[in-house]
Amino acid sequence: LLCARFNGGANAGHTLLVNGKKYAFHLLPCGMINKSCKNLIGNGVVVHIPTLMRELEDLSEFDPRALQRVFISTRAHILFDSHQVIDG
């Protein structure tokens, strides 16, 4: 199984309710809820690293191996907080 997220940034997202627990994803594909699914952050996605790390941390109790199921395209755009400061 493969679930992919393409284009956009952390201002988009979706909320999933699974077995009474709420998961809010802004960058991660919804396939993260399926432990057998590989997940791709694809071309054109603006990956805000702190948001990505926070989402993965929030999933660590659900799936300690979540990080091993996420792949990031070499054509994704990487965004750090410093970029936002420089941009104003």
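Just so we're clear, the structure is a prediction, and the values are computed from it rather than from any experiment. (Residues numbered from 1 in each chain as written. Predicted model: local features only at pLDDT ≥ 70, side-chain atom pairs only at ≥ 80, totals over all residues. Heavy atoms only, no water.)

Draft legend 1. View of the pairing of strand β3 (residues 21-25). Strand direction decides the pairing type here: strand β2 (residues 14-18) and β3, joined by five bridges, are antiparallel. Each bridged residue has a counterpart across the sheet, and for valine 18 the counterpart in β3 is lysine 21. Where β2 folds back on β3, the antiparallel hairpin that results is connected by two residues, among which asparagine 19 adopts a positive phi of roughly 50 degrees. (Pairing = 2+ DSSP bridges. Helix = DSSP H or I, 4+ residues; strand = E, 2+ residues; numbered from the N terminus.)

Draft legend 2. Highlighting the environment of histidine 77. Its place among the elements puts histidine 77 in strand β7 (residues 77-79). Setting aside residues up to four positions removed in sequence, histidine 77 forms contacts with Gly44, Val45, Val46 and Val47. (Contact = heavy atoms within 4.5 Å.)

Draft legend 3. Summary view of the sheet that holds strand β6 (residues 70-72). Pairing within the open sheet is parallel, and its three strands lie in the order β1-β4-β6. Of all the strands in the sheet, just β1 (2-5) and β6 have a single pairing partner and so form its edges. Mean inter-strand twist for the sheet, computed between neighbouring axes without regard to direction, equals 20 degrees. Pairing of strand β4 (residues 38-41) with β6 involves three bridges; the strand directions are parallel. Opposite leucine 40, over in β6, you have phenylalanine 71 as the bridge partner. (Axes fitted to C-alpha atoms, helices over the stretch in contact; angles between N-to-C directions.)

Draft legend 4. How the structure looks around the nonpolar core. Of all hydrophobic cores here, the largest spans 15 residues; its most connected members are Leu28, Met32 and Leu59. Going through the elements one at a time, β3 and α1 (49-59) are the ones with two or more residues in this core. Among residues more than four places away in sequence, those in contact with methionine 32 are Phe25, Asn39, Leu56, Leu59, Phe62, Ala66, Arg69 and Val70. (Core = buried A, V, L, I, M, F, W, Y, C linked by side-chain atoms within 4.5 Å. Buried < 20%, exposed > 50% of the residue type's maximum accessible area, 1.4 Å probe, protein only.)

Draft legend 5. Focus on α1. Taken together, the buried positions of α1 are Thr51, Leu52, Glu55, Leu56 and Leu59. Buried residues of α1, seen end-on, are gathered within an arc of 135 degrees and therefore sit on one face of the element. Across α1 from its buried face, at more than 90 degrees, point the exposed residues Glu57 and Asp58. On its buried side, α1 packs onto β3, β4, β5 (46-48) and β6. (Arc of directions from axis to C-beta.)

The quantities given are spatial measurements derived from coordinates; they are silent on function.
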